[in-house]
Amino acid sequence: MINLSLPSPTQLAAYLARIGFSGRPRPDFETLAALNRLHAEGLPYENFDVQLGRRVTRDPRAAYVKFLEQRRGGWCYEYNGLFAWMLEGVGFRVRRLAGAVMREAAGQAAVGNHLVPVVELDQLYVADPSMGLMEPVPIAEGPIRHGWRRFAFERLDGGWWRFRNHPDIPPPSMDFNLAVDDPALLDERCVWLQTDASSPFVRNAILQRNFADRLEAIVGRAHMTVNAQGKQEREIAGPDELAHIARERFDVDVPDLPALWARIAAAPAGGFLAPMETAS
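What counts as what
Residues numbered from 1 in each chain as written. Predicted model: local features only at pLDDT ≥ 70, side-chain atom pairs only at ≥ 80, totals over all residues. Heavy atoms only, no water. Buried < 20%, exposed > 50% of the residue type's maximum accessible area, 1.4 Å probe, protein only. Helix = DSSP H or I, 4+ residues; strand = E, 2+ residues; numbered from the N terminus. Pairing = 2+ DSSP bridges. Contact = heavy atoms within 4.5 Å. Axes fitted to C-alpha atoms, helices over the stretch in contact; angles between N-to-C directions. Core = buried A, V, L, I, M, F, W, Y, C linked by side-chain atoms within 4.5 Å. Phe/Tyr/Trp six-rings, centres within 6.5 Å; stacked < 30°, edge-to-face > 60°. Lys NZ or Arg CZ within 6 Å of the ring centre and 35° of its normal.

S.K.: Could you clarify how one ought to interpret the pairing of strand E3 (residues 114-120) in this entry?
M.R.: Each regular strand shows side chains that alternate between the opposite faces of the sheet. Counting buried residues in E3 gives six out of seven residues, a clear majority hidden from the surface. Note that strand E2 (residues 93-101) and E3 share seven bridges and pair antiparallel. Bridging across to E3, Leu97 finds its partner in Val116. Where E3 meets strand E4 (residues 124-126), three bridges bridge the pair, whose relative direction is antiparallel. Looking at E4, one finds that Glu120 is bridged to Leu124.

Structure, rendered in structure tokens:
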């Protein structure tokens with residue numbers, strides 16, 4: 001379990017500058033909405049450390065170093081973990097739920113494979129930029145529109161809710177339950193997802209970034225763009241092109257490029273989604 005203090009004023013100021021927030025942050029909806037959007041658009045998502053066998057934890061202090069000092073990204077435990085920590089630094093009350101990506105296929109074994117920040121204001125808001133939500137969303141059944149992006153919340157049995165992702169953007173769904181906020185389970189799944197051979201994050205290199213008009217992603221050798229017109233995809237020719245695209249389009253310096261490309265070249269066919277659905 002992480003024994004965590006709030007970010008220092010210096011850390012909070014550096015984070016706000018990194019994502020481009022101006023003004024004085026306050027624990028209100030206006031600030032939350034601005035931070036959610038800026039975090040989603042300003043910071044990249046990636047799992048390169050997992051691919052390289054470097055142990056990743058849920059400690060947001062380590063994520064702070066990666067995102068702000070190394071100009072890197074991170075996966076959901078880091079991406080949403082850093083966001084939740086900085087929200088607390090502003091004064092928000094944040095719950096960290098043990099979400100379940102593709103629970104509809106994998107069942108309860110999926111619980112804990114995603115960190116879901118929920119913010120307590122006048123009501124509860126899901127603030128999950130890692131899953132592509134560009135704004136905080138009240139927990140209520142129905143469609144969600146964020147510009148060209150189309151999402152939805154569905155109410156399930158047993159207190160569970162299902163997030164339906166935008167078409168063409170994996171994964172198709174993620175479940176959460178306000179009663180399931182088990183830190184030990186999150187820690188356990190964080191370890192499993194970076195060590196088990198069947199984990200989609202062990203099988204696939206992933207780099208992703210949201211923009212106002214599109215989402216760009218690299219999964220293995222595929223460079224994808226999803227926007228209002230649908231999905232376009234092309235193959236990356238080699239490591240030099242990967243490094244160039246990562247720097248120019250995602251603002252990421254690829255660590256240990258030869259080793260990472262060797263992993264990408266040796267990855268099994270089937271893409272990201274197939275192992276996600278069958279993970280246990």
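S.K.: I keep staring at the pairing of strand E8 (residues 160-164) and nothing clicks. Help me out?
M.R.: Among the five residues in E8, four count as buried, and that is most of the element. Taking the residues between adjacent antiparallel strands as the criterion, strand E7 (residues 149-155) and E8 are bridged by four residues, where Gly158 takes a positive phi near 70°. As defined by bridge partners, E8 adjoins strand E9 (residues 173-177) across five bridges and the pair is classed as antiparallel. Paired with Phe163 across the strands is Met174, a residue of E9.

S.K.: Would you mind going over the sheet that holds strand E6 (residues 142-146) with me for this structure?
M.R.: The pairing of strands in a sheet comes from backbone hydrogen bonds and takes either a parallel or an antiparallel form. Spatially, eight strands are ordered E5-E4-E3-E2-E9-E8-E7-E6 in an open sheet, and the strand pairing comes out antiparallel. The open sheet has two edge strands, strand E5 (137-138) and E6, and neither has a second partner. Of the strands in this sheet, E2 and E3 are in contact with helix H7 (residues 183-195), which crosses E2 at around 45°.

S.K.: When you look at unusual backbone geometry in this model, what are you seeing that I'm missing?
M.R.: With the exception of glycine, the majority of residues adopt a negative phi angle, and the majority of peptide bonds are in the trans configuration. The omega torsion across Pro170 and Pro171 is -5°, close enough to zero to call that bond cis. Inspection of the secondary structure assignment puts Pro171 in the loop between E8 and E9. Backbone geometry at Arg71 places phi at a positive 55°, although glycine is not the residue there. Summarising the element assignment, Arg71 is placed in the loop between helix H4 (60-69) and helix H5 (76-90). A positive phi angle is found at Met102, which is not glycine, with a value near 55°.

S.K.: Honestly, the environment of Asp49 in this entry has me stumped. Any pointers?
M.R.: Assignment of secondary structure puts Asp49 in helix H3 (residues 48-51). In this structure Asp49 comes out as buried when scored by relative accessible area, which is 9%. Remark: the alpha-carbon pair of Asp49 and Glu241, spanning 192 residues in sequence, is separated by 19 Å. Contacts of Asp49, omitting those with residues within four sequence positions, involve Arg54, Val56, Lys66 and Arg72.

S.K.: What is the right way to read the nonpolar core from this model?
M.R.: Where a protein is soluble and globular, its nonpolar side chains tend to be buried together. Formed by 47 residues in total, the largest nonpolar core has its most connected members in Tyr15, Leu35, Trp75, Tyr77, Leu82 and Leu87. When residues of this core are traced back to their parent elements, those giving at least two are helix H1 (9-19), helix H2 (29-42), H4, H5, E2, E3, H7 and helix H8 (200-203). Ranked by residue count, the leading element in this core is H5, at ten residues. Residues Val101, Val126, Met131 and Met174 belong to the second largest nonpolar core, which totals 17 residues.

S.K.: Teacher, can you tell me more about the packing of aromatic side chains here?
M.R.: The description of an aromatic ring pair rests on the distance of the ring centres and on the angle between the ring planes. Scanning the entire structure with this criterion turns up eight aromatic pairs. Seen in terms of ring centroids, Phe29 and Tyr125 are 5.2 Å apart; in terms of plane orientation they differ by 45°. Their pairing is tilted. Here Tyr125 lies in strand E4 and Phe29 lies in helix H2, a separation of 96 residues in the sequence. When the centroid spacing of 5.3 Å and the interplanar angle of 35° are considered together, the rings of Phe151 and Phe163 count as tilted. One end of the pair, Phe151, is in strand E7; the other, Phe163, is in strand E8, and twelve residues separate them in sequence. On the basis of relative accessibility, which here comes to 5%, the residue Phe151 falls in the buried class. Taken together, the ring pairs connect Phe151, Phe153, Phe163 and Phe176 into an aromatic cluster. One cation-aromatic arrangement involves Arg103 over Trp160; the distance from NZ or CZ to the ring centre is 4.0 Å. Here the basic side chain of Arg214 rests over the ring of Phe211, its NZ or CZ set 3.9 Å away from the ring centre.

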